[in-house]
Amino acid sequence: MTEIQVRRAKPDDAEALVRLRALMLEAMGNDTGSADAPWREVAVRYFAGQLASPGTFAAFVVDDPEVGVVAGAVGNLTVHPPGPKDLSTTRGHLYNVSTEPAFRRRGLARACVIALLDWYRDETDAGQIELHATQDGDALYRSLGFVESFYPSQRLVVTRP
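Throughout what follows, the structure given in this document is the object of discussion. (Residues numbered from 1 in each chain as written. Predicted model: local features only at pLDDT ≥ 70, side-chain atom pairs only at ≥ 80, totals over all residues. Heavy atoms only, no water.)

### Some words on the packing of helix H1 (residues 14-27) against helix H2 (residues 38-51)
Keep this limit in mind: For helices, the fitted line uses only the C-alpha atoms of the stretch in contact; every axis is such a line through C-alpha atoms, and the angle between N-to-C directions lies from 0 to 180 degrees. The numbering of helices and of strands both runs from the N terminus, where a helix is a DSSP run of H or I of at least 4 residues and a strand a run of E of at least 2. Should an angle fall under 35 degrees it is taken as roughly parallel, and over 145 as roughly antiparallel, whereas 65 to 115 is taken as roughly perpendicular and any remaining angle as oblique. Each crossing is labelled by how the near helix is turned from the far one, with a counterclockwise turn of less than a right angle marking it left-handed and a clockwise turn marking it right-handed. In what follows, a contact means two residues having at least one pair of non-hydrogen atoms within 4.5 Å. Throughout this entry, Asp, Glu, Lys and Arg are counted as charged residues, while Ala, Val, Leu, Ile, Met, Phe, Trp, Tyr, Cys and Pro are counted as nonpolar. The remaining residues, Gly among them, count as polar.
Two numbers describe how H1 lies on H2: the axes approach to 8 Å, and their chain directions differ by 125°. Considering the angle they form, H1 stands oblique to H2. The element H1 and its partner H2 pack so that their crossing is right-handed. Between H1 and H2, the residues in contact are Ala 14, Glu 15, Leu 17, Val 18, Arg 21, Ala 22, Leu 25 and Glu 26 and Trp 39, Arg 40, Ala 43, Val 44, Phe 47, Ala 48 and Leu 51, respectively. Broken down by class, the residue content of the contact of H1 with H2 amounts to 11 nonpolar, no polar and four charged.

Structure below.
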């Protein structure tokens with residue numbers, strides 16, 4: 001690969017996005033299970049469905065002619081109330097940034113993230129874009145202007161009987 005060519009992902013790229021998601025989750029210390037783990041089928045349906053909603057969801061990928069999709073970045077929009085520093089009612093969430101190990105350190109993830117940021121700026125009304133960064137991705141996001149939020153992320157896993 002010499003020149004980076006980023007393209008907008010299509011619904012038939014859903015399986016590749018799941019493969020990249022598994023790589024990202026593993027890098028975050030998660031056990032993603034086997035290739036037939038139940039979450040993967042649900043994730044394929046999720047990505048295929050979301051990719052059919054180009055006004056609120058976008059994914060950008062880079063292909064290798066022999067391997068197929070080797071890098072990508074995903075983002076969506078959520079409705080959010082305005083505040084004194086952001087009058088928009090839409091926020092972006094950037095996630096699922098991942099590159100196949102053999103293709104890392106070539107700027108592919110950066111190119112995908114930049115394409116996604118261009119989408120947010122040019123095709124949406126998002127006032128802010130949020131993400132959760134791994135240590136490996138922190139420098140990339142900071143170089144693109146992301147800063148730490150004043151409010152740490154917290155999570156509650158909902159359990160049902």
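### Considering H1
Quick note on the threshold: A helix's residues, less one, multiplied by 1.5 Å, set its expected span. For every residue, the accessible area (1.4 Å probe, protein chains only) is compared with the maximum for its type, and the residue is labelled buried under 20%, exposed over 50%, or partly exposed between those bounds.
Between its first and last C-alpha, H1 extends 20 Å over 14 residues, near the 20 Å set by a 1.5 Å rise per residue. Among the residues of H1, those classed as buried are Ala 14, Ala 16, Leu 17, Val 18, Leu 20, Ala 22, Leu 23, Met 24 and Leu 25. Its buried side turned inward, H1 meets H2, strand S2 (57-64), strand S3 (68-79) and strand S4 (90-99). Downstream of H1 by one or two residues, Gly 29 has phi in the positive range, about 90°.

### Observations concerning the side chain of Asp 64
Note the cut-off: Residues scored as positive are Lys and Arg, those scored as negative are Asp and Glu, and His as well as the terminal groups of each chain are ignored. Salt bridge, as used here: a side-chain nitrogen of Lys or Arg that lies within 4 Å of a carboxyl oxygen of Asp or Glu. Pairing of N or O atoms within 3.5 Å defines a polar contact, subject to two protein rules: one partner must be a possible hydrogen donor and the other a possible acceptor, and residues neighboring in sequence count only if both atoms are side-chain atoms.
Examined against the element boundaries, Asp 64 turns out to sit in strand S2. Lacking a salt bridge, the buried Asp 64 has Arg 106 as its closest oppositely charged neighbour, with an N-O distance of 5.8 Å. Engagement of the side chain of Asp 64 in a polar contact is seen with the backbone nitrogen of Glu 66, the distance being 3.0 Å.

### What to know about the sheet that holds S4
Rules: By this definition, two strands are paired if DSSP reports at least two bridges between them.
Pairing in this open sheet of five strands is mixed, and the strands run S1-S2-S3-S4-S5 from one edge to the other. The two strands at the open ends of the sheet, each matched to only one other strand, are strand S1 (6-8) and strand S5 (128-130). This sheet shows a mean twist of 25° between the axes of neighbouring strands, independent of strand direction. One ladder, built from three bridges, connects S4 with S5; its direction is parallel. Among the inter-strand pairings, His 93 is bridged to a residue of S5, identified as Glu 130.

### Looking at the pairing of S2
Of all eight residues making up S2, seven are buried, and the element is well covered by its neighbours. Pairing geometry for S1 and S2, over three bridges, is antiparallel. Looking across to S2, one finds that Arg 7 is bridged to Val 61. Adjacent in sequence and paired antiparallel, S2 and S3 are bridged by three residues.

### Considering helix H4 (residues 135-143)
As a reminder of what qualifies: Think of it as the arc spanned by the lines of direction from the helix axis to the C-beta atoms.
Turning to H4, its buried residues number three or more, namely Gly 137, Leu 140 and Tyr 141. Burial along H4 is one-sided: seen end-on, the buried residues are contained in an arc of 95°. Residues Gln 135 and Ala 139 are exposed on H4 and point more than 90 degrees away from its buried face. Those residues of H4 hidden inside the fold are in contact with S4 and helix H3 (108-123).

### Concerning the packing of aromatic side chains
Quick reminder of the rule: For Phe, Tyr and Trp, where Trp contributes only its six-membered ring, two rings pair if their centres lie within 6.5 Å, and the inter-plane angle classes them as stacked under 30 degrees, edge-to-face over 60, or tilted in between.
Summed over all chains, the structure comprises five aromatic pairs. Geometrically, the ring pair formed by Tyr 46 and Phe 57 is edge-to-face, given 6.2 Å between the ring centres and 85° between the ring planes. With a gap of 11 residues between them, Tyr 46 in helix H2 and Phe 57 in strand S2 connect regions that are remote in the sequence. Relative to Phe 146, the ring of Tyr 141 lies with its centre 6.0 Å away and its plane at 75°, an arrangement referred to as edge-to-face. The buried category is assigned to Tyr 141, whose relative accessible area is 8%. An aromatic cluster of three or more residues is present, and its members are Tyr 46, Phe 47 and Phe 57.

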